[in-house]
Amino acid sequence: MDFDLESLVHLEQTFFDAGYTDGFDHGRIHGLIEGRALGREKGFEMWEELGYYEGFSRTWRAVLERDQNSRAVTHIRHLLDLIDQFPRVNPDASSTLDISRLQRQIRSRYKALCSTLGVTPSMRAAMTPNEEEKATSHIRKASGP
């Protein structure tokens, strides 16, 4: 009978290594898939927010076009400049652009603009129709049927 006792001594480690390799390969594939889905979702949220700020700014710029020296117009100009700096494509690995910092600056400028205009800032992300119904139901109740 030809029996290798050495392989029995390392049997547990052999199975552990095989399971680890399989799990690692499986995790890498699913990690890429989930990472892409999460990136797509967060990217959409980010652009939705920036699009809101840009539309808000352009609307108020049109309203205030005659008053070029007002503080609000200056905030609008700076906000639109910051939004224009935001990358339209994924930056490469060598890029030194800090997207989080730029987004914080845009939010701060938006809040400053809202304060100057006397408007309450809206920082909510997109809502599903059901969530929006819940969020606005108190308005309809207060104003009647």
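The structure displayed is predicted, hence computed values, not measured ones. (Residues numbered from 1 in each chain as written. Predicted model: local features only at pLDDT ≥ 70, side-chain atom pairs only at ≥ 80, totals over all residues. Heavy atoms only, no water.)

(A) The arrangement of the side chain of His75 in detail. Within the fold, His75 resides in helix α3 (residues 71-85). For His75, the residues in contact, after removing those within four places along its chain, are Arg109, Ala112, Leu113 and Thr116. (Helix = DSSP H or I, 4+ residues; strand = E, 2+ residues; numbered from the N terminus. Contact = heavy atoms within 4.5 Å.)

(B) Highlighting the nonpolar core. Residues Ile106 and Leu113 are the most contacted members of the largest nonpolar core, which totals 18 residues. Put simply, the parts of the chain that give this core at least two residues each are α2 (11-63), α3 and α4 (99-117). Here this core gets seven residues from one element, more than from any other, and that element is α3. In contact with Leu113, not counting residues within four places along its chain, are Phe56, Ser57, Ala72, His75, Ile76 and Leu79. (Core = buried A, V, L, I, M, F, W, Y, C linked by side-chain atoms within 4.5 Å. Buried < 20%, exposed > 50% of the residue type's maximum accessible area, 1.4 Å probe, protein only.)

(C) Quick look at a nonpolar patch on the surface. A cluster of nonpolar side chains, Leu5, Leu8, Leu11 and Phe15, forms an exposed patch at the surface whose accessible area comes to about 420 Å². Topologically, Leu11 is positioned in helix α2. Relative accessible area serves as the criterion here: at 39%, Leu11 is assigned to the partly exposed category. (Patch = residues over 30% accessible without salt bridge, like charges linked within 9 Å, V, L, I, M, F, W, Y side chains within 5 Å. Areas by Shrake-Rupley, 256 points an atom, 1.4 Å probe, with all protein chains shown as cover. Salt bridge = Lys/Arg side-chain N within 4 Å of Asp/Glu carboxyl O.)

Read these as geometric descriptors, not functional statements.
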